[in-house]
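Chain by chain, the residues run as shown.
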Amino acid sequence: MLTILFDGIAYGMLLFILACGLTVTLGLMNFINLAHGAFAMAGGYITVVLMNRYGISFYWCLPASFLVTAILGLVLERTLYQWLYKADHLDQVLFSIGIVFMSVAGADYFMGGQQQLINLPPELSGRMDVLGVGIGRYRLFTVVVCSLLAIALQLILSKTRFGSRLRAAVDDRRVAMGLGINVPLVFALTFAFGSGLAGLGGAMGAEILGLDPNFPLKFMIYFLIVVSVGGTSTVSGPFLAAMLLGIADVAGKYYVPAIGPFVIYALMIVMLILRPNGLFSRGIGR
Amino acid sequence: MIKGIALGVAGLAAALTTALPVTAQEAVKIGLILPMTGPFASTGRQVSAGAKAYMAAKGDTVAGKKIELVIRDDGGVADQTRRIAQELVVNDGAKVLAGFGLTPLAMAVAPVATQAKIPTVVMAAGTAAITKASPFITRTSGTLPQYSMPVGTWASQNGIKKVVTLVSDYGPGIDAEKWFSKEFKAKGGEVVEAVRVPLQNPDFAPFLQRVRDAKPDAVFVFLPSGVGALFMKQFSDRGLPEAGIKLIATGDVTDDDILNSMGKPAIGTITGHFYATAHESPENKAYVEVFKKVNNDMRPNFMSVGGYDGMALIYNALEKTKGDATGPAFMEAVKGLSWTSPRGPVSIDPDTRDIIQNIYIREVKDVGGELQNVEIQTFANLKDPEKAEAK
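S.K.: Is there a simple way to explain the overall build of chain B in this structure?
M.R.: Broken down by element type, chain B carries 13 helices and 15 strands. Its C-alpha atoms give chain B a radius of gyration of 22 Å, within 12% of the compact-globule value 21 Å for 391 residues. Projected onto the principal axes, the alpha-carbon positions of chain B cover approximately 85 × 45 × 45 Å. Out of the 391 residues in chain B, the part that is buried amounts to 54%. A separation of at least 24 residues holds for 70% of the contacts in chain B among residues at least 6 apart in sequence.

Right under this line is the structure:
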């Protein structure tokens, strides 16, 4: 059943793009940002508006939704989030869940409560048969884009100067500052980048996951599962976790539909018992 | 001390002013409780728009009483619905309650209706059992058994032999699955598999693949309207139409409110329901016109007609009781009431207080650049089969 495997991978990839921004804020910046889904939703709505009202091509909508949500993230980070970096986790949770509710109400007010639909360019819709395996074109597109992003992300974090600054800032903020790294700037850029990724994920997910004002609440659980199973200290951890969950979810629903929805939760519990700090933890509880 | 007296006087004054208007005015207050925000906001939007369209068309007085519509938002949460219902009855002096977007919301209000003897008009929720919950509940939408059964009849008459059912895993979905399968099997069809999809389901891929691999002639679907649209796209993307699998469904899936934005994949879908914007009758033409005028060009769907007919029922019943809105008299007047709705002839079953109406089988077609549910067959004057069978 390679079709099921492929669908699972596509779904997992999408989860990864949606959740990896959260990995960055939660793991690297140690900030619990439940409002992550709100940025994803913003990206989705930007695509819907650009495509349906202004007729802009889907391919341009993707970078646009990345940029706009990244800027939105940057603005919010500078105006609101930065004051809570030192607050305890409960305050952060309350603050970010508040943002979620405001975004839900805001989306409902401006865009209406109905499900938003986009019409993909014809070359992305439908499916094709490759060696007897039915493959959805759009899912293939998702897999390609998301894999490229995952690779790029890993390279940025491990190979660039910015990546090493970020890791330094996370490991020890004071020493990093002492070495002349502009930590607030690094954090702001990272936050913006993470938000932008969420926006991109929301834009790409609108076709598969749907988009309505409750998006941030509906998917919060999935984000959190990916991050908690994957661990928060690397990119590859959440990536594998997202793959695992995507495939398990799709396969579970296909083979045992009666208990399908429970499969990922069961898997999460097992994973957390075996590897409480995530798949690839560095072994130190933060 | 002085402060205390002042407070007391103020309190008394407040009590007087709030107590007076209720008795002084010759008004009938209707408390319309709907999900105006949250995931089911589109239901609330359509139902309230339908109710407003009725008042715009027929005026706000009936039998010498002024009708006042008070719209409250329950956000789709049952305990809110119940609290609002109590407030409306006790504090605001509402004489009639109406609205109710979902089954649990209507069920939560049933005890309030019974205890306070308040006539309660269900305008949207569709599980069969609701009208059994209180003798003061009546309904102007429809029930799932009522409009899933005819789809079974149609399927068996149109060369469909093997069906997979796919429904949302909650009350209405199970109603739909049960009554479609029952009818379809009785007419000689075979249901090879019954798939239930969780209500909060992000991706239909695995379920659709399962349907595809079962190779049925058709798949029967019930999903709440917004999710239905998403399903439709994935259905065609996965190439099920090319694999020779027909999509038959309840009208919730091709909801007129969003049908047009579903695009090409929707064309050819067969659904059973009680109302389509494209229904051809002078009443409906007038309705669509007034609805669009009052609600800046919104397209009315089946929920809006539930709201419109709910108001029609209240007006007609008040006419009959000469303005008496007390529970027992009002409910007596409701029983056997009949009128011509935009959806066709409707009446209220005197035994069950549920609606008797035509169910139409429709096909999605492109009519002048707009997608419409075009009626192809009519099942006239159907009662709710679940309660009819119980007797």
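S.K.: Just checking my understanding: could you explain the overall build of chain A for this structure?
M.R.: If you tally the helices and strands in chain A, you get 11 helices and 2 strands. Across chain A, helices and strands are ordered from the amino to the carboxyl terminus as α-α-α-α-β-β-α-α-α-α-α-α-α. Relative to the compact-globule value of 19 Å for 286 residues, chain A shows a C-alpha radius of gyration of 19 Å, a close match. In terms of overall dimensions, chain A has a C-alpha envelope of 60 × 45 × 35 Å along the principal axes. Within chain A, the fraction of its 286 residues that count as buried is 50%. The contacts of chain A with a sequence gap of at least 6 include a subset with a gap of at least 24, amounting to 77%.

S.K.: Just to check I follow, could you spell out the interface of chain B and chain A for this structure?
M.R.: One widely used convention gives an interface's size as the accessible area the parts lose upon coming together. Each partner contributes to the interface: chain B provides 26 residues, whereas chain A provides 28 residues. Elements with a minimum of two residues in the side of chain B that touches chain A: α2 (41-58), α7 (205-214), α8 (225-237) and α9 (256-262) of chain B. Along the lines of polarity and charge, the residues of the side of chain B that touches chain A split into 13 nonpolar, 8 polar and 5 charged.

S.K.: Can you help me understand helix α3 (residues 58-79) of chain A in this one?
M.R.: One full turn of an α-helix is made of 3.6 residues, so residues set three or four places apart face in the same direction. All names here are of chain A. For α3, spanning 22 residues, the distance from its first C-alpha to its last is 31 Å, which sits close to the expected 32 Å at 1.5 Å a residue. For α3, the complete set of buried residues consists of Cys-61, Ser-65, Phe-66, Val-68, Thr-69, Ala-70, Gly-73 and Glu-77. Residues of α3 that are buried make contact with α2 (36-54) and α8 (183-209).

S.K.: Explain the packing of helix α9 (residues 215-230) of chain A against helix α10 (residues 236-255) of chain A here, please?
M.R.: When two helices pack together, their arrangement is given by the angle between their axes and by how far apart the axes lie. Residues and elements named next belong to chain A. Viewed as axis vectors pointing N to C, α9 and α10 meet at an angle of 125 degrees, and their least axial separation amounts to 8 Å. The angle between the axes of α9 and α10 places the two elements in the oblique class. Regarding α9 and α10, the two cross each other, and that crossing is right-handed. Each of Ile-225, Val-226, Val-227, Val-229 and Gly-230 in α9 lies in contact with α10, whose residues at this interface are Gly-237, Pro-238, Leu-240, Ala-241, Ala-242 and Leu-245. For the contact of α9 with α10, the class distribution of residues is 9 nonpolar, 2 polar and no charged.

S.K.: I'm lost on the environment of Pro300(B) in this one. Help?
M.R.: Residue and element names in this part refer to chain B. You can see Pro-300 is positioned in the loop between α10 (282-294) and α11 (302-321). Residue classification places Pro-300 among the buried residues on the basis of 26 C-beta atoms within 10 Å. Taking the C-alpha atoms as reference points, Pro-300 and Glu-289, 11 residues apart in sequence, are found 9.8 Å from one another. For Pro-300, the contacting residues outside a window of four places in its chain are Gly-50, Asp-256, Thr-277, Tyr-287, Val-288, Phe-291 and Val-305.

S.K.: What am I meant to see in the packing of helix α1 (residues 2-28) of chain A against α8(A) here?
M.R.: Residue and element names in this part refer to chain A. In contact at an axis separation of 7 Å, α1 and α8 are set at 160 degrees when each is read in the N-to-C sense. With respect to their mutual orientation, α1 and α8 come out roughly antiparallel. You can see that α1 and α8 cross each other, and the crossing is left-handed. Seen from α1, the contacting residues are Leu-14, Ile-17, Leu-18, Cys-20, Gly-21, Val-24, Thr-25 and Leu-28; seen from α8, they are Thr-190, Phe-191, Gly-194, Ser-195, Leu-197, Ala-198, Leu-200, Gly-201, Met-204, Gly-205 and Ile-208.

S.K.: Can you help me understand the domain arrangement of chain B in this one?
M.R.: Residue and element names in this part refer to chain B. In terms of domain boundaries, chain B breaks down into domain 1 (7-142 + 281-353) and domain 2 (145-273 + 359-390). Computed from C-alpha atoms alone, the centre-to-centre distance between domain 1 and domain 2 is 30 Å. The interface of domain 1 with domain 2 comprises 13 residues on the first partner and 16 residues on the second. Its residues placed into classes, the side of domain 1 that touches domain 2 shows 3 nonpolar, 8 polar and 2 charged.

S.K.: Would you explain the sheet that holds strand β1 (residues 27-34) of chain B in this entry?
M.R.: To summarise the sheet geometry, strands pair through backbone hydrogen bonds and adopt either a parallel or an antiparallel arrangement. Residues and elements named next belong to chain B. Pairing in this open sheet of 6 strands is mixed, and the strands run β2-β3-β1-β4-β5-β6 from one edge to the other. Since the sheet does not close on itself, it has two edges, and those belong to β2 (61-62) and β6 (137-139), each with one partner. Across 4 bridges, β1 lies against strand β4 (residues 96-99) in parallel orientation. Paired with Ile-30 across the strands is Val-96, a residue of β4. Each of β1, β3 (65-73) and β4 is contacted by α2, which is oriented at about 160 degrees to β1, the strand it contacts most.

S.K.: It is not clear to me how the confidence of the model for chain B should be interpreted in this structure. Could you clarify?
M.R.: All names here are of chain B. With 93% of its residues at a pLDDT of 70 or more, chain B shows a mean pLDDT of 86. Segment residues 11-25 is flagged for pLDDT under 50; beyond a separation of four residues in sequence, or across chains, it makes 1 contact in the model. Predicted complex metrics record ipTM = 0.76 and pTM = 0.80.

S.K.: Where do I start with unusual backbone geometry in this structure?
M.R.: What you tend to see is this: most non-glycine residues have negative phi, and most peptide bonds are trans. All names here are of chain B. Its identity is not glycine, yet Phe-100 carries a phi of approximately 75 degrees, on the positive side. As for its position among the elements, Phe-100 is in the loop between β4 and α4 (103-116). One non-glycine residue, Lys-322, lies in the positive phi region at around 55 degrees. Relative to the helices and strands, Lys-322 is located in the loop between α11 and α12 (327-334). On the basis of neighbour count, Lys-322 is assigned to the exposed category, with 12 C-beta atoms found within 10 Å.

S.K.: How should I be thinking about the pairing of strand β14 (residues 355-367) of chain B in this particular structure?
M.R.: Regular strands place their side chains on alternate faces of the sheet. Residue and element names in this part refer to chain B. By the bridge criterion, 4 bridges tie strand β11 (residues 270-273) to β14 in an arrangement that is antiparallel. Of the residues in β14, the one forming a bridge with Ile-270 is Glu-363. Linking strand β13 (residues 344-348) back to β14 in an antiparallel pair, the connection comprises 6 residues, with Arg-353 at a positive phi of about 60 degrees. Across 10 bridges, β14 lies against strand β15 (residues 370-382) in antiparallel orientation. The residue bridging Ile-361 from the neighbouring strand is Gln-377, located in β15. Hairpin connection of β14 to β15: 2 residues between the antiparallel strands, including Gly-368 at a positive phi of 55 degrees.

The rules behind each value
Residues numbered from 1 in each chain as written. Chains lettered and ligands numbered in written order. Predicted model: local features only at pLDDT ≥ 70, side-chain atom pairs only at ≥ 80, totals over all residues. Helix = DSSP H or I, 4+ residues; strand = E, 2+ residues; numbered from the N terminus. Rg over C-alpha atoms; globule rule 2.2 N^0.38 Å. Buried ≥ 20, exposed ≤ 12 C-beta atoms within 10 Å, placed from the backbone. Contact = placed C-beta atoms within 7 Å. Nonpolar A, V, L, I, M, F, W, Y, C, P; charged D, E, K, R; others polar. Expected span 1.5 Å × (residues − 1). Axes fitted to C-alpha atoms, helices over the stretch in contact; angles between N-to-C directions. Parallel < 35°, antiparallel > 145°, perpendicular 65-115°, else oblique. Left-handed = near helix turned anticlockwise from the far one by under 90°. Domains from an automatic or database assignment. Pairing = 2+ DSSP bridges. pLDDT = per-residue confidence, 0-100.

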